[in-house]
Amino acid sequence: MATLRERALDAAVELLGTQGLRALTHARVDERARLPKGSTSNYFRTRKALLFGVRERLAELDTSAVGTTLLPSSSDELVEVLCGLLDLTTRDRRVPTTARLVLFLEASHDELLRESMTHDREAMESIVVVALARLGARNPVTAAAAVAACFEGLLLHRIARHDESDPRPVFELVVGAALE
């Protein structure tokens, strides 16, 4: 069973992912989570604290949904994993992904939020570094940065433009180049 704090954060994620940054207020979170008035502000005194709480919750949810390892045995398998992950994040987990994009834009104005989101991205990218190194990439760090940038671009297009085109040819190109 979710704690009151988790319920507040899940409601905040829902608000950000469905209505945007302006919808994120302590009162609306309380209402969405069906918590007594003032509950969210007991956990997160300021809006900034609430944003950081949402960032932490999203990272926690990502880890539970995606895991912390990626061990493909071939480039084709890596492409399939990337396609599946893109589908997961833009279909089943569309609302949390949209909330993350809202935070990403907010981070452009907030150095501390930007630093913490950069840390989250680096953690996810490091998983790809290990996978590409295992597959024989000459420069797995640069290759992982390219794969991550490609993934983020496709993710943004799916969320913002509702672009449902097949990502496989793009991932095949980038992964193939990374392993040349």
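Residues numbered from 1 in each chain as written. Predicted model: local features only at pLDDT ≥ 70, side-chain atom pairs only at ≥ 80, totals over all residues. Heavy atoms only, no water.

Caption draft 1: Representation of the state of the cysteines in the model. Within this structure, the stated rule accounts for 0 disulfides. The structure places no disulfide on C83, whose sulfur is separated from the nearest cysteine sulfur, that of C150, by 9.6 Å. On the basis of relative accessibility, which here comes to 14%, the residue C150 falls in the buried class. (Disulfide = S-S within 2.5 Å. Buried < 20%, exposed > 50% of the residue type's maximum accessible area, 1.4 Å probe, protein only.)

Caption draft 2: The arrangement of the confidence of the model for the protein chain in detail. For the protein chain, mean pLDDT is 95; residues scoring 70 or higher make up 100% of the total. Considering each helix and strand of the protein chain separately, the mean pLDDT is smallest for helix α4 (residues 47-66), with a value of 91, and largest for helix α9 (residues 168-178), with 98. (pLDDT = per-residue confidence, 0-100. Helix = DSSP H or I, 4+ residues; strand = E, 2+ residues; numbered from the N terminus.)

Caption draft 3: Broad picture of the side chain of S39. Mapped onto the secondary structure, S39 falls in helix α3 (residues 39-43). Among the polar contacts made by the side chain of S39, one reaches the main-chain carbonyl oxygen of P36 at a distance of 2.7 Å. (Polar contact = N/O pair within 3.5 Å; in protein donor to acceptor, adjacent residues only side chain to side chain.)

Caption draft 4: Highlighting the packing of aromatic side chains. By the definition in use, this model includes 2 aromatic pairs. Ring geometry for Y43 and F44: centres 6.4 Å apart, planes at 50°, overall tilted. The buried category is assigned to F44, whose relative accessible area is 4%. Here the aromatic rings of F151 and F171 are separated by 6.0 Å at their centres, their planes lie at 25°, and the arrangement is stacked. (Phe/Tyr/Trp six-rings, centres within 6.5 Å; stacked < 30°, edge-to-face > 60°.)

Caption draft 5: Main features of the pattern of salt bridges. Inspection of every chain in the model, using the stated rule, returns 17 salt bridges. The closest approach of N and O atoms between R32 and E14, which form a salt bridge, is 3.7 Å. One end of the pair, R32, is in helix α2 (residues 26-33); the other, E14, is in helix α1 (residues 4-19), with 18 residues separating them in the sequence. Between R168 and E80 there is a salt bridge whose closest N-O contact spans 2.8 Å. With R168 in helix α9 and E80 in helix α5 (residues 75-92), the pair connects residues that are 88 residues apart, well separated along the chain. The class of R168 is partly exposed, set by a relative accessible area of 27%. (Salt bridge = Lys/Arg side-chain N within 4 Å of Asp/Glu carboxyl O.)

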